[in-house]
Amino acid sequence: VQLVESGGGLVQPGGSLRLSCAASRSIFSINAMGWYRQATGKQRELVARIAPSGFTLYADSVKGRFTISRDNTKSTVYLQMNNLKPEDTAVYYCISATTVYTDPRLWGQGTQVTVSS
């Protein structure tokens, strides 16, 4: 197993969660990392990506609320999600890709995030 997510759960609207994704060092050190999500009945969509340099990309729907970061010493990428909305409810997948602009090459198993009162 090369990408392992954790941190999902149930949260009320306006609340916060932090997702983590631990990767094997050989993958993490040279690849862009990121998060996608898929809500029930919808297509999988990009949430955020981060390059080894720290350059980031975000979906418009999460800008200003979500922050992606990476800890190179732990080979872990994080997604801090604040001011969560019901429409953020989805399965969140960690990914790795050659660059922040190329298609994902590896996917994690996914972690459920549910935003509901």
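If you're wondering where the values come from, they're calculated on a predicted model, not measured in any experiment. (Residues numbered from 1 in each chain as written. Predicted model: local features only at pLDDT ≥ 70, side-chain atom pairs only at ≥ 80, totals over all residues. Heavy atoms only, no water.)

Caption draft 1: Focus on the sheet that holds strand 8 (residues 76-81). Sheet architecture is open: 4 strands sit in the order 1-3-8-7, paired in antiparallel fashion. With partners counted over all chains shown, the strands left at the sheet margins are strand 1 (3-6) and strand 7 (66-71), one partner each. Across the sheet, the axes of successive neighbouring strands diverge by a mean angle of 15°, strand direction being ignored. (Pairing = 2+ DSSP bridges. Helix = DSSP H or I, 4+ residues; strand = E, 2+ residues; numbered from the N terminus. Axes fitted to C-alpha atoms, helices over the stretch in contact; angles between N-to-C directions.)

Caption draft 2: Examining the environment of Ser96 more closely. Relative to the helices and strands, Ser96 resides in strand 9 (residues 90-97). For the pair Ser96 and Asp71, spaced 25 residues apart in sequence, the C-alpha to C-alpha distance is 15 Å. Not counting residues up to four positions away in its chain, the partners in contact with Ser96 are Leu3, Ile27, Asn31, Ala32, Met33, Pro104, Arg105 and Leu106. (Contact = heavy atoms within 4.5 Å.)

Caption draft 3: View of the environment of Trp35. Relative to the helices and strands, Trp35 is located in strand 4 (residues 32-38). Placed 58 residues apart in sequence, Trp35 and Tyr93 show a C-alpha to C-alpha distance of 5.5 Å.

Caption draft 4: Region of interest: the side chain of Thr111. Of note, Thr111 is situated in strand 11 (residues 111-115). A distance of 3.3 Å separates a polar atom in the side chain of Thr111 from the backbone nitrogen of Gly8. Among residues more than four places away in sequence, those in contact with Thr111 are Glu5, Gly8, Leu19, Ala90, Val91 and Tyr92. (Polar contact = N/O pair within 3.5 Å; in protein donor to acceptor, adjacent residues only side chain to side chain.)

Caption draft 5: Expanded view of the state of the cysteines. Counted under the stated rule, the structure contains 1 disulfide. Between the sulfur of Cys21 and that of Cys94 lies a disulfide, 2.1 Å long from S to S. Taking the torsion about the S-S bond as the criterion, the Cys21 to Cys94 disulfide, at about -80°, is left-handed. With Cys21 in strand 3 (residues 17-23) and Cys94 in strand 9, this pair connects stretches of sequence that are 73 residues apart. By relative accessible area, which is 0% here, Cys21 ends up buried. (Disulfide = S-S within 2.5 Å. Buried < 20%, exposed > 50% of the residue type's maximum accessible area, 1.4 Å probe, protein only.)

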